[in-house]
Amino acid sequence: MNDINKNQAIKTDNENINIGIIGLGYIGSGVFKLIESQKLYIVNKTGKYIRIKRVADKDINERASKFEPSFRSEIIFSANPEDVINDPEIDIVVELIGGIEPAYNYVINSLKNGKYVVTANKDLIANKGESLFAAAAEHGVDILFEASVGGGIPIIGPMKSSLAANNISKIVGIVNGTTNYILTRMQKENLSFEEALKVAQDLGYAEKVNPAADIEGNDAACKLAILSSIAFNSRVVFNEVYREGIKKITLEDIKYANDLGYTIKLLAIGSDEGGSICARVHPALIPKDHILASISYANNAVYLYGNFVGEVMSYGQGAGDRPTASSVVGDIIQIARNLDRNNKKPVFGCTCFINKPVKQIDEMENKFYALMEVKDMPGVLAKIAAVFGNNNVSIESMIQKQTKESGSARIVFITHKVLNKNMFKSVKEILKLDVVNQVLNIIRVEDLQ
Ligand code: HSE
């Protein structure tokens, strides 16, 4: 197999896989470079020659001119994605423009034309997965999307293959590099949220104009919808994922969490609780000695529990052109290895074969951290404890910290696992107590046991 001349000795059509790329931006260029520079390695390893036949992009002239002529010689460039979708010789369409429209239109038409699709588009899969998988099944092809979650780290393919025999009960991800970067800088260097966000923007992790997709948890929610659908075999869409971002996390929270043995991370958590799915993205206190606490800066990790395999974690770079290209081309190779033009079949197919309800946040149970500023006088604790007690919120522990201002104190409560709606109701009532100046933050606690 280690015969470098194999590249020149492509014998049959089945050893030559034609791909068409739609979108030659940051990720598209990474995919283009990877395929061109690893061409011989891929042939030697798989026996298949991945030939980029067409590339379409709205700014094709400017973008294609950045590549060396040797890379470009046999490729047909165009500004029109229809040229890719309608070329009967194209086996695999690689969609790398992102967003729902017009990507959905290009992808569904590619599937209807009997082409396999590889995409890195989390919005598309998290919102339109069901109809795309139905179209793929109807036309005997498949859509692979490893790069849509966790950039270069393998998790979707493994869940659909090596881990497929397991019932997965819970999946916990750090799947947004930007927020993990911000929280890490806050933690390690005492930067405020605003300062850390500015650094993330200057480094290009967070968008300058509107960083909301990352900061408010929407990016992570798309990724969790995708992971939960696969883990629990039941479709979860973006809108069904509860989301809270990291804007309200302060250095004070980080310090108190640390004193209590925790670190704060933005988690994407999916779980199957007696046949109902809980899917939520929010900041959480996690034990400092849990492996997820060590995932720092822009790295990603996905951690899951399978009933036979036990605990599994995939870790690495969750974004960037090279890691993302690695996953995209991995999917292309997976399809290429299976490709038989005369007998097309899905590679994995849709794995959502059950229809489980998705719980609303009110009905989910969590342990909470609650930080309050209260008047430092007799009877304060009793009043707060009474509100918690009346709402069925049981307190696990409490610490009091004096503040510089005389007459006030900070109190941190850690609750037992309680219904979210009971906690929300308690907080509303606590805010009305004359002994409470402010409820500074409420953050969930995940012991991850
Ligand atoms: N914006 C994402 C992140 C990468 O910060 O992880 C692309 O999904």
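Residues numbered from 1 in each chain as written. Predicted model: local features only at pLDDT ≥ 70, side-chain atom pairs only at ≥ 80, totals over all residues. Heavy atoms only, no water.

### Some remarks on empty space enclosed by the protein
Summed over all chains, the structure comprises 1 cavity of 30 Å³ or more. Taken as a whole, the largest cavity holds about 70 Å³ of empty space. Taken together, 14 residues make up the lining of the largest cavity; nearest its centre are Phe133, Ile226, Ser229, Ile230 and Arg235. In terms of residues, the lining of the largest cavity owes the most to one element, helix α12 (residues 218-232), which gives 4 residues. Residue classes in the lining of the largest cavity are distributed as 10 nonpolar, 2 polar and 2 charged. Counting residues domain by domain, the lining of the largest cavity receives three or more from each of domain 1 (6-151 + 322-337) and domain 2 (156-318). (1 Å grid on protein atoms, 1.4 Å probe; cavity = no way out; pocket = protein on both sides within 12 Å on 5 of 7 lines; lining within 4 Å. Points joined across faces, edges and corners; volume = space filled by probe spheres on them. Helix = DSSP H or I, 4+ residues; strand = E, 2+ residues; numbered from the N terminus. Nonpolar A, V, L, I, M, F, W, Y, C, P; charged D, E, K, R; others polar. Domains from an automatic or database assignment.)

### What to know about the sheet that holds strand β3 (residues 76-78)
What the 6 strands build is an open sheet, ordered β3-β2-β1-β4-β5-β6; its pairing is parallel. A single partner strand is all that each edge strand has here, and the edge strands are β3 and β6 (143-144). Pairing of strand β4 (residues 92-95) with strand β5 (residues 116-119) involves 4 bridges; the strand directions are parallel. Residue pairing for β5: Ile92 is matched across the bridge by Tyr116. (Pairing = 2+ DSSP bridges.)

### Observations concerning the packing of aromatic side chains
Inspection of every chain in the model, using the stated rule, returns 7 aromatic pairs. Look at Tyr303 and Tyr305: their rings are 5.3 Å apart centre to centre, the planes differ by 85°, and that puts the pair in the edge-to-face class. Centroid distance Phe388 to Phe413: 5.4 Å. Interplanar angle 75°. Geometry classified as edge-to-face. With Phe388 in helix α15 (residues 380-390) and Phe413 in strand β15 (residues 408-415), the pair connects residues that are 25 residues apart, well separated along the chain. The same class applies to Phe388 and to Phe413, which are both buried. (Phe/Tyr/Trp six-rings, centres within 6.5 Å; stacked < 30°, edge-to-face > 60°. Buried < 20%, exposed > 50% of the residue type's maximum accessible area, 1.4 Å probe, protein only.)

### Looking at the pattern of salt bridges
Per the stated rule, a full pass over the model turns up 26 salt bridges. Here Arg444 ties to Glu244 by a salt bridge, and the two come within 3.1 Å at their closest N and O atoms. Note that Arg444 is positioned in strand β17 (residues 436-445) and Glu244 in the loop between β8 (242-243) and α13 (251-259), a separation of 200 residues in sequence. By relative accessible area, Glu244 is classed as partly exposed at 22%. For Lys425, the salt bridge identified is with Glu429, shortest N-O distance 3.2 Å. Of the two residues, Lys425 and Glu429 both sit in helix α16 (residues 420-431), 4 residues apart, roughly one turn of that helix. A relative accessible area of 45% means that Lys425 is categorised as partly exposed. Owing to a relative accessible area of 28%, Glu429 belongs among the partly exposed residues under this scheme. (Salt bridge = Lys/Arg side-chain N within 4 Å of Asp/Glu carboxyl O.)

### Focus: the domain arrangement of the chain
One can read the domain layout of the chain as domain 1 (6-151 + 322-337), domain 2 (156-318) and domain 3 (363-445). Taking only C-alpha atoms, the centre of domain 1 and the centre of domain 3 are 53 Å apart.

### Here we look at the site of the ligand
Around the ligand, a shell composed of Lys122, Asn176, Gly177, Thr178, Asp214, Asp219, Lys223 and Ala319 is seen. One nitrogen or oxygen atom from the side chain of Lys122 is found 3.2 Å from an oxygen atom belonging to the ligand. Within the complex, 77% of the 260 Å² of free accessible area of the ligand lies under protein. When atoms are counted within 2 Å of each cavity's grid points, the one that captures over half of the ligand is the largest pocket. (Near = heavy atom within 4 Å. Polar contact = N/O pair within 3.5 Å; in protein donor to acceptor, adjacent residues only side chain to side chain. Areas by Shrake-Rupley, 256 points an atom, 1.4 Å probe, with all protein chains shown as cover. Sits in = over half its atoms within 2 Å of the grid points.)

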